[in-house]
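# Breakdown of the fold
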Amino acid sequence: MGDFGKLLEEQIPRLRRYARALTRNAPIADDLVQDCLTRAVAKQHLWQPGTDLRAWLFTILHNQHVNYVRSSSKKGVSAEVEQFASALPIEPNAIPSLELRDLRVALAKLPIEQREAILLVGLEGMDYEGTARVLNVPIGTVRSRLSRGRAELRKLMGFAEQPERLLAAHSPENGRKGLRRAA
């Protein structure tokens, strides 16, 4: 395995971060990463040196996640800790934790296609082309999912502009027909 093993090892933190963001469950995410790495080692002959190993691994992880979601939907419903978070004790200096929780909850409400695109581009820093390869969709679809997902996240997080400000931005008195934001 040699060099391939070292290259795989370098990608583990990224794989774990993406898996945890996708599943919102650390033990399931760790299992997903382990399954991904096992599959990558078994199929290493299919990887072409010189190509993007991270994209190849993320594609495997993505497909493993899709398979997991399909099989778990047949098994039943599970409850996430976030559903009961309001009943749990909160430390006095919890504002950053609450903001992160709100972001996790908002991400969980997005359709999986939008969430995957946002996580790959926003969290993992992948470019649109790499994201398109991982998700096996055209670049335009990635852009569309990102745009719709970001807009929905802003709305869910309470950062959406007020309707009055949007109307003012598009009024004729405001000059360039909506290109400037209302003050």
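Preceding this paragraph is the structure being described.
What counts and how
- Residues numbered from 1 in each chain as written.
- Predicted model: local features only at pLDDT ≥ 70, side-chain atom pairs only at ≥ 80, totals over all residues.
- Heavy atoms only, no water.
- Helix = DSSP H or I, 4+ residues; strand = E, 2+ residues; numbered from the N terminus.
- Buried < 20%, exposed > 50% of the residue type's maximum accessible area, 1.4 Å probe, protein only.
- Salt bridge = Lys/Arg side-chain N within 4 Å of Asp/Glu carboxyl O.
- Polar contact = N/O pair within 3.5 Å; in protein donor to acceptor, adjacent residues only side chain to side chain.
- Core = buried A, V, L, I, M, F, W, Y, C linked by side-chain atoms within 4.5 Å.
- Contact = heavy atoms within 4.5 Å.
- 1 Å grid on protein atoms, 1.4 Å probe; cavity = no way out; pocket = protein on both sides within 12 Å on 5 of 7 lines; lining within 4 Å.
- Points joined across faces, edges and corners; volume = space filled by probe spheres on them.

## What about unusual backbone geometry?
- Phi is positive for Arg-24, close to 55°, though the residue is something other than glycine.
- Topologically, Arg-24 is positioned in the loop between helix 1 (2-23) and helix 2 (26-42).
- In this structure, Asn-136 takes a positive phi of about 60° despite not being glycine.
- Structurally, Asn-136 is set in the loop between helix 6 (128-135) and helix 7 (139-156).
- For Asn-136, a relative accessible area of 70% gives the class exposed.

## Notes on the pattern of salt bridges
- Taken as a whole, this structure holds 7 salt bridges when the rule is applied.
- Of the charged contacts in the structure, one is a salt bridge between Glu-152 and Lys-155, with a shortest N-O distance of 3.9 Å. Residue Glu-152 and its partner Lys-155 are both found in helix 7; the two are separated by 3 residues, about one turn of the helix.
- Taking the relative accessible area as the measure of exposure, Lys-155 reaches 55% and is therefore exposed.
- Through salt bridges that share partners, Arg-16, Arg-20 and Asp-30 make up one connected network.

## Re the side chain of Thr-23
- Its location among the elements puts Thr-23 in helix 1.
- Residue Thr-23 is classed as buried on the basis of its relative accessible area, which comes to 9%.
- A distance of 3.1 Å separates the side chain of Thr-23 from the backbone oxygen of Asn-25, its partner in a polar contact.

## Quick notes on the nonpolar core
- Formed by 36 residues in total, the largest nonpolar core has its most connected members in Leu-15, Trp-56, Leu-57 and Leu-61.
- Only helix 1, helix 2, helix 3 (53-75), helix 4 (95-109), helix 5 (112-123), helix 6 and helix 7 provide two or more residues apiece to this core.
- Looking at which element gives the most residues to this core, the answer is helix 3, with 7 residues.
- The contacts of Trp-56, once residues within four sequence positions are left out, are Phe-4, Ala-40, Lys-43, Gln-44, Leu-46 and Trp-47.

## Topic: the layout of surface pockets
- Quantified by volume, the second largest pocket comes out at close to 340 Å³.
- Residue lining of the second largest pocket: 15 residues in total, with Ala-21, Arg-104, Leu-107, Leu-119 and Leu-123 positioned closest to the centre.
- At the level of elements, helix 1, helix 4 and helix 5 are the ones that each hand at least two residues to the lining of the second largest pocket.

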